[in-house]
Amino acid sequence: MADEPVRGQWGKQIEFVLTMIGYAVGLGNVWRFPYLCFKNGGGAFLIPYVLSLIFLGIPLFALECAFGQYGGKGPLSIWSINPTFKGLGVAMVVASCFVFIYYDIIIAWGLRFLVASFTSNLPWIDCHDCSCLLYDAKNVTEESVERLKYNNSLGVQCLNLSINATANSPSELYYYKEILHDSGSIEEIGDVIWQLLLCNFVAFAIIFVVLLKGIESLGKVVYFTATFPYVLLTILLVRCAMLDGAYEGVKYYLTPDWDKLSDATAWSDACVQIFFSLSCCMGGLVAMSSYNRFSNNIIRDAFVVPIVNCMTSFYAGFVVFSTLGYMAKIKNVPIEKVTAGGPGLAFIVYPEAIGSMPVSTLWAILFFFMLCILGFSTQFSAAETIMTSIIDEFPGLFRTRKRQTLFRVFVCLAGFVLGIPMVTEGGSHLLNLVDEAVLGFPLLLIGLFEYIVIIHLYGYNRFAADVHAMLGRNPFIYFKATWVVISPFLLLTVIVFKAYQMEDFKVGWVGLLYYLMVIFTMMWIPLMYFYNALKNGLWDIMAPKPSWIERRKLGDAEKGDAKDEISDNGTNDHNPIMNYDKPSINSISNGFEYDNYGYNTGVDGKFNTSNTKL
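Definitions and cut-offs
- Residues numbered from 1 in each chain as written.
- Predicted model: local features only at pLDDT ≥ 70, side-chain atom pairs only at ≥ 80, totals over all residues.
- Heavy atoms only, no water.
- Axes fitted to C-alpha atoms, helices over the stretch in contact; angles between N-to-C directions.
- Helix = DSSP H or I, 4+ residues; strand = E, 2+ residues; numbered from the N terminus.
- Left-handed = near helix turned anticlockwise from the far one by under 90°.
- Contact = heavy atoms within 4.5 Å.
- Nonpolar A, V, L, I, M, F, W, Y, C, P; charged D, E, K, R; others polar.
- Expected span 1.5 Å × (residues − 1).
- Buried < 20%, exposed > 50% of the residue type's maximum accessible area, 1.4 Å probe, protein only.
- Patch = residues over 30% accessible without salt bridge, like charges linked within 9 Å, V, L, I, M, F, W, Y side chains within 5 Å.
- Areas by Shrake-Rupley, 256 points an atom, 1.4 Å probe, with all protein chains shown as cover.
- Salt bridge = Lys/Arg side-chain N within 4 Å of Asp/Glu carboxyl O.
- Phe/Tyr/Trp six-rings, centres within 6.5 Å; stacked < 30°, edge-to-face > 60°.

Draft legend 1. Examining the packing of helix α4 (residues 86-116) against helix α17 (residues 427-438) more closely. Following both chains from N to C, one finds α4 and α17 inclined at 140°, their axes separated by 10 Å at the closest point. The crossing of α4 and α17 is left-handed. Residue-level inspection shows Ala 95, Phe 98, Val 99, Tyr 102, Ile 105, Ile 106 and Trp 109 of α4 in contact with α17, the latter providing Ser 428, Leu 431, Val 434, Asp 435 and Val 438. Among the residues making up the contact of α4 with α17, the classes are represented as 10 nonpolar, one polar and one charged.

Draft legend 2. Highlighting the environment of Gly 283. Tracing the backbone shows Gly 283 in the loop between α11 (264-277) and α12 (284-289). Gly 283 sits 194 residues away from Gly 89 along the chain, and the two C-alpha atoms are 7.1 Å apart. In this structure Gly 283 touches Pro 75, Met 92 and Thr 385, once residues within four positions along its chain are discounted.

Draft legend 3. Here's a closer look at helix α15 (residues 360-393). Taking 1.5 Å as the rise per residue, α15 with 34 residues should run 50 Å; its terminal C-alpha atoms sit 50 Å apart, in good agreement. Among the 34 residues that make up α15, 28 are buried, leaving the element largely enclosed by the rest of the structure.

Draft legend 4. Here's a closer look at a nonpolar patch on the surface. A cluster of nonpolar residues, Ile 47, Val 50, Leu 51, Ile 54, Phe 55, Trp 258 and Trp 267, forms a patch on the protein surface that exposes about 580 Å² of accessible area. Ranked by the residues each element gives to the nonpolar patch, the list is headed by helix α3 (residues 46-71), at five residues. Tracing the backbone through its elements, the reader meets Trp 258 in the loop between α10 (246-254) and α11. Take Trp 258: its relative accessible area is 52%, and that puts it in the exposed class.

Draft legend 5. Fine view of the packing of aromatic side chains. Inspection of the entire model under this criterion finds 45 aromatic pairs. Taking 5.4 Å as the distance between ring centres and 90° as the angle between the ring planes, the aromatic pair formed by Tyr 253 and Phe 318 counts as edge-to-face. Here Phe 318 lies in helix α13 (residues 298-331) and Tyr 253 lies in helix α10, a separation of 65 residues in the sequence. Across the pair, Phe 318 and Tyr 253 agree in class, each one buried. Judged by centre distance (6.0 Å) and plane angle (35°), the ring pair of Phe 303 and Tyr 478 falls under tilted.

Draft legend 6. How the structure looks around the pattern of salt bridges. A full pass over the atoms with the stated rule returns six salt bridges. Salt-bridge contacts for Lys 177 lead to Asp 129; the nearest nitrogen and oxygen are separated by 2.9 Å. Highlighted residues: Lys 177 in helix α6 (residues 170-179) and Asp 129 in the loop between α4 and α5 (142-150), separated in sequence by 48 residues. Exposure remark for Lys 177: the relative accessible area of 43% places this residue in the partly exposed category. Judged by relative accessible area, Asp 129 falls into the partly exposed class, the value being 21%. When the shortest N-O distance is used, the salt bridge between Asp 466 and Arg 552 registers 2.7 Å. With a gap of 86 residues between them, Asp 466 in helix α19 (residues 460-471) and Arg 552 in the loop between α24 (546-550) and α25 (554-558) connect regions that are remote in the sequence. Pair check on accessibility: Asp 466 and Arg 552 agree, each one buried.

Have a look at this one:
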């Protein structure tokens, strides 16, 4: 096997596990899972959620991690398993680029709130607008509204004030008017908000500094970024559990509504949440796993990380609903009236609840610091995925440390510049559109194609042999069932159901922009497929390159040339696929050549896609 360039590795294996936990555990664990849980039946939602984890999340996570560890390269360069589908790796990196750009904007929001929290009087507590004068007002009458129009705490006339008007909370107004300067529509992009622009620049500067030395520096930072949020979550949980009404909130969180399970939306939400929360199909799992030792027990890690991720979501739910129970108590309204999905929970409801707590400044600083750390832990891995992929693809271009550093500067600056439209007055609406476009059909289709290429075209038996070369044993029967049948079927079902639920966009050009982003992410798969097929011939390039199969020898090399157990007749009793004493690549039998692992290579020495054995 030809010598490969020396590649960085994790200093310790715990660094890989912590990085993967940090990559998977993000802002969505704090607000999205709890919201979906009470929306879809409370405790009953845990049933489709756990089933989705077992039959969709863990299998796809394990597939990508094993694929990356065996290939030892980023998502662009790893496709010697099937060169025809290198466009699949390009699609992953393009999706990561979109996420890399807009996810930093959310971190910028958190940084903006964090800076605003360093004050004795939190700015989102008091009403500074006519539309919030009636918020939380009790026994409102026409007479009292008339008095407030001319005599109120704002010192201005509020002539549009009405008893039937919807009253906004001070925290809601602060988020939309002071933080986002929201224009109300993507059609009105407006001016750049310089505070968010500065926060976005600071966020990218932090990313550059942390990733200056690549995987070596990332491996050290994750000791803090992947663990400290759990410390803050626990502190917040203890405080929130002491609030009046916390028990009712937790009870609402866990009480099952079994009727909700008959709604297909609950099952779809569970599948999509598991799929996206594990950060599958964006190349990050492949890139991070490629820095592992060849013989690392990747199957063990593939169970640990998804389970920790899901338990984090469940744990965060207690913090969320303790707070919501408290808010419902002081407002004397049902819990479902004080919560919201999406950013509303993190940037509207939480600030309001924190503002009502004793020593509110301290809790605001801790909460938004935790949000920023959660965001950075995900963003670090997303950024390194993009950088690793391109450096692996063009090793000659980035041979020196200086060039790699300049490239990292370029990536961060490009992300900052491309994100400028999202820090405008209409930028939050553009961000939501990009999020919906990229985290929708593209990732689901990429996942489906991964199963097709790796498990069905390359073949489960061959991939099992690759896993055996790393671990010394075959994948469990659980993985055979999920990889071959169950997970692809679930992905296809979610894609069809999502397409069925798709609604038309109100504004034509917004819909056009949505579909252009979807097409730009996915077009690399057919383009590179047909390009390679026309250039090299379809049959030859559909087969794995010899260099891919030869990597199986790395397992023995890493273990000090330890040999597999061989029976008296010269075959491997534990795995008949992996027989190292088969005829060499030049051996001929019945007119065909066979590689060292017993696969028919064809008379011209090129690998055949069939599983014909000697």
